[in-house]
Amino acid sequence: ASRAQRGGHWQIFDESLRADHQQRLAMEIALRDALAAGGEEIFPVFQPVVESRSGKVIGFEALARWRTSRFGQVSPAEFIPLAEAAGLIDPLGSLMLDRSLAACALWNAARAAQGLPARFVAVNLAAPQLIAPDLPQRIAALLARHDVPGEMLHLELTESTLLAQPAAAAQMIQQLKELGCQVAIDDFGTGYSSFSYLQHLPADVLKIDRSFMAELPHQPRARKIVAVMLDLAQALGMSAIAEGIETPEVLREFEALGGDCVQGYLTGRPMPFEEALTHPDGLNWVAPA
Ligand code: C2E
Ligand code: MG
Ligand code: MG
Ligand code: MG
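Residues numbered from 1 in each chain as written. Chains lettered and ligands numbered in written order. Predicted model: local features only at pLDDT ≥ 70, side-chain atom pairs only at ≥ 80, totals over all residues. Heavy atoms only, no water.

The name that an unreviewed UniProt entry assigns to the chain is EAL domain-containing protein, with the source organism given as Ancylobacter radicis.

1. Some points on the overall build of the chain
The helix and strand inventory of the chain stands at twelve helices and nine strands. A globule of 289 residues ought to have a C-alpha radius of gyration of about 19 Å, and the chain, at 21 Å, matches this closely. Oriented by its inertia axes, the alpha-carbon framework of the chain measures out at about 70 × 50 × 40 Å. Relative to its 289 residues, the chain shows a buried fraction of 46%. For the chain, the accessible area works out to roughly 14800 Å², and carbon and sulfur atoms hold 54% of it. Side-chain charges in the chain split into 23 positive and 34 negative, and the spacing between the mean points of these groups amounts to 4 Å. (Helix = DSSP H or I, 4+ residues; strand = E, 2+ residues; numbered from the N terminus. Rg over C-alpha atoms; globule rule 2.2 N^0.38 Å. Buried < 20%, exposed > 50% of the residue type's maximum accessible area, 1.4 Å probe, protein only. Areas by Shrake-Rupley, 256 points an atom, 1.4 Å probe, with all protein chains shown as cover. Lys, Arg positive; Asp, Glu negative; His and termini not counted. Charge placed at Lys NZ, Arg CZ, Asp CG, Glu CD.)

2. What about the coordination of the magnesium ion (ligand 3)?
The protein atoms that coordinate the magnesium ion (ligand 3) are D186 (OD), D187 (OD) and E243 (OE), at distances of 1.8 to 2.7 Å. When the donors of the magnesium ion (ligand 3) are listed by position in the chain, the intervening gaps give D-D-x55-E. Between the magnesium ion (ligand 3) and the magnesium ion (ligand 2), a spacing of 3.5 Å is present, and a bridge between the two is formed by D186. Highlighted residues: D186 in strand 6 (residues 182–188) and E243 in strand 8 (residues 239–243), separated in sequence by 57 residues. Taken individually, D186 and E243 each receive the classification buried, so the pair is uniform in this respect. (Donors = N, O, S within 2.8 Å, 3.2 Å for Na, K, Ca; no water.)

3. Here's the deal with unusual backbone geometry
With phi around 55°, D147 is a residue other than glycine that occupies positive phi space. As for its position among the elements, D147 is in the loop between helix 5 (135–146) and strand 5 (153–158). What makes D147 exposed here is its relative accessible area of 68%. The phi dihedral of D187 falls on the positive side, at around 55°, and the residue is not glycine. Checked against the element boundaries, D187 lands in strand 6. Of the residues examined, D187 reaches a relative accessible area of 26% and is grouped as partly exposed.

In structure tokens:
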């Protein structure tokens, strides 16, 4: 290729890079504005966590959604990393905690009035939140403001979040537990040193990543790995939740291994607050054999 041709290619490449960069900047500004505006565009949806044998919904995981006029519905896989990079995870995380606790207070008030047991809300935390020294005080203040007992708040941390600052994370987890909150390890089994940090981090819940679930019906190795994760959770006094159960077949396999708590499209998609508020317990996800 001639130099001129190569130059031409570079120019095109350069322009598409610049377009990407501009799109990213525009999205960052939109996210900043959306958060400053009080979060009309950003809100939690709630996915049921279910005790499969009884059909009881024991809680909901709050998942962030961003619906913009300009970019349409942006996936959290895109805007969470963007928020982290732009220093916006703190306001986003606070908004999610605030809205999720408000939601939990309302659904539990409705349930108490009917004599039904309370349901927790699980909120995801990002690495920068976990190293903010005032996080426990801020969570304590939010719990008090919404009049939600600490036990009703689960905090989900991924392995990468924990690895960023293991010592600070361990100390933070201890303080969060003192508020009564349950700490969950999210996407378990996909990170780098799962066993090493389990040794040091006193977490309460193990959320088994959905990549293991899809393989359960076909892969004897996946079955053994999930069985060992369930044993591990039990040995450490933790409860286990399977993520991403999509079919009755996978649920049946998971139950055969002794698993019970599940979260996935089969037992409930993420839903708006209005639906979560009145969402009933369910049964019969698995057709009788
Ligand atoms: P996650 O915390 O592991 O949440 C579970 C994700 O799996 C959600 O994706 C949920 O919609 C999806 N899911 C649930 N059941 C199924 C299933 O049966 N099949 C499949 N294929 N997927 C299922 P979503 O809502 O797109 O969120 C993606 C990730 O973004 C979350 O993964 C979490 O890491 C992050 N995220 C979401 N909201 C927040 C937030 O408020 N703060 C932070 N820091 N991260 C968040
Ligand atoms: Mg999660
Ligand atoms: Mg997860
Ligand atoms: Mg996951």
